[in-house]
Every structure is written in structure tokens, then in C-alpha cells.
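This is what each chain is made of:
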Amino acid sequence: MIVAIGSDHRGFDMKADILRLLNELGIQSCDVGAYDTQSVDYPDIAHDVCRQVVQGTCVCGILLCGTGIGMSIAANKVRGIRAALCCNTFMAERARQHNNANVLCMGAENNQDAENIVKVFLTSAFEDERHVKRLDKIVEMEKS
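For every chain, the first residue of its written sequence is number 1, and the numbers climb from 1 along that sequence. Local features in this predicted model are restricted to residues of pLDDT 70 or higher, and side-chain atom pairs are both shown and tallied only at a pLDDT of 80 or more, whereas totals for entire chains, interfaces and linings draw on every residue. To obtain the side-chain values, all non-hydrogen atoms of the structure were included, while hydrogens and water were left out.

## With respect to the pairing of strand S2 (residues 28–31)
- Strand pairing follows a simple DSSP-based rule, namely that at least 2 bridges must link the two strands. A helix here means a DSSP run of H or I that spans at least four residues, while a strand means a run of E at least two residues long, and both kinds are numbered starting from the N terminus. Summarising the sheet, strand S1 (residues 2–7) and S2 pair through four bridges and their orientation is parallel. Paired with Ile2 across the strands is Gln28, a residue of S2.
- For the crossover from S1 across helix H1 (residues 12–24) to S2, the handedness is right-handed. If you view a crossover with the strands going away from you and the path from the first strand over the helix to the second runs clockwise, you call it right-handed.

## Let's talk about a positive patch on the surface
- Each patch is assembled from residues with relative accessible area greater than 30% and no salt bridge, linking like charges that lie within 9 Å and nonpolar side chains (Val, Leu, Ile, Met, Phe, Trp, Tyr) that lie within 5 Å. A 1.4 Å probe and the Shrake-Rupley method give the accessible areas. Residues count as covered only by the protein chains that appear here. By convention in these notes, a salt bridge is any Lys or Arg side-chain nitrogen within 4 Å of a carboxyl oxygen on Asp or Glu. In summary, the charge assignment counts Lys and Arg as positive and Asp and Glu as negative, without counting His or the chain termini. Charge coordinates come from a single atom per side chain, which is NZ of Lys, CZ of Arg, CG of Asp or CD of Glu. On the surface, Arg94, Arg130, Lys133, Arg134 and Lys137 cluster together into a positively charged patch.
- At four residues, the largest contribution of residues to the positive patch is made by helix H6 (residues 128–143).
- Relative to the assigned elements, Arg134 resides in helix H6.
- The class for Arg134 is partly exposed, based on a relative accessible area of 43%. Per-residue accessibility, obtained with a 1.4 Å probe over protein chains only, is compared with the maximum for each type, and a residue is labelled buried under 20%, exposed over 50%, and partly exposed between these values.

## Side note on the environment of Met91
- Among the secondary structure elements, Met91 is positioned in helix H4 (residues 89–99).
- Distance in space between the C-alpha atoms of Met91 and Glu127 is 15 Å, their sequence separation being 36 residues.
- Among residues more than four places away in sequence, those in contact with Met91 are Leu85 and Cys86. Any pair of residues with heavy atoms lying within 4.5 Å of one another is described as a contacting pair.

## Some details on H1
- Given a helix with a known number of residues, its expected span is that number minus one, times 1.5 Å. Here H1 spans 19 Å end to end across 13 residues, near enough to the 18 Å set by a 1.5 Å rise per residue.
- Where H1 is concerned, the buried positions are Met14, Lys15, Ile18, Leu21 and Leu22. The buried residues of H1 occupy an angular sector of 120° when the element is viewed end-on, so they sit on one face. Opposite the buried face of H1, by more than 90 degrees, sit the exposed residues Asp13, Asn23 and Glu24.
- Structurally, H1 contributes buried residues whose contacts are with S1, S2, strand S3 (60–65), strand S5 (103–107) and helix H5 (114–123).
- Immediately downstream of H1, the backbone of Gly26 shows phi near 75°, a positive value. For this quantity, the arc is that covered by the directions from the helix axis to the C-beta atoms.

## Concerning the pattern of salt bridges
- For the coordinates displayed, the defined rule picks out five salt bridges.
- With a shortest N-O distance of 2.7 Å, Asp31 and Lys15 are connected by a salt bridge. With Asp31 in strand S2 and Lys15 in helix H1, the pair connects residues that are 16 residues apart, well separated along the chain.
- Classification of Asp31 by relative accessible area gives partly exposed; the value is 26%.

## Remarks on the pairing of S1
- For S1, the tally of buried residues reaches five of six residues, placing the bulk of the element in the interior.
- Alignment of S1 against S3, held across five bridges, turns out to be parallel. Residue pairing for S3: Val3 is matched across the bridge by Cys60.

As C-alpha cells, this is what we get:
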């Protein structure tokens, strides 16, 4: 399993913590930036992470910015991405189980439980059955 991860300058410190966590869990990561706290444009980082996920290089992605909102908006513009802004473990679990989310977005300035959210997101599985028809409708929306 390889996880793509990226942040803007405001999510840089949180990204370092999550990279350590992934390493501790034995999960490989692909860090696409930012590489310091200098200002960067979050849509560029979101695009790089999403490209890794859509191309299949990485199984999922994690995006971090100040609130997580900008990253989630940008990520969801990429066809094939289902990015979920999660503020707690319940949201992370449901994002995977019900929406088959493939990118986790979080806010560095409003999140105190990031490590547990990441763990839940990475270990929760999609519950096919009743949710597939809804995801198929989302795929159809991407075509219009």
C-alpha cells in the first residue's frame, strides 16, 4: 500500500506527523509537498496527490491545509476522486464505508485527532451493496 500525501504551508507540520505515523504503521508514502512552510498554492498539491490516486500509483491520498476545505474542493474537481473532509473518526469511517472515498482531507488548524482519523480511514472498507448505485450516479455526474 502506498499513500500519496500533500499539504500546503499551513498543513506542513501536520503532514510531518502523519508521515511519521505512516512509517510507524509500515505504510509507504509518496510526499508531493509542500516541503517547508513557504506559501504554496493548494490546488497544485491537490492535483498532484489526486493524479497519483487516479493513475493507480497510490491506493489513496491524504490532503492537508489550514481548514481542509480548499483541498477538498480542489480534489473533488479531479475525475475519479472522492475526497472527504473529515473532522473525526466517525466521518472517516463513513467516508470509506458509504462513499468509498479515496482521498482524506483534514484541516491542520481545527483537528486534534488526526492520527486516529488517518488510521480509521486507512482501515475502513467500502460496504458495496446499497452504496454502489449512488457512486455510479456520481460517476455519471462527472461525465456531464
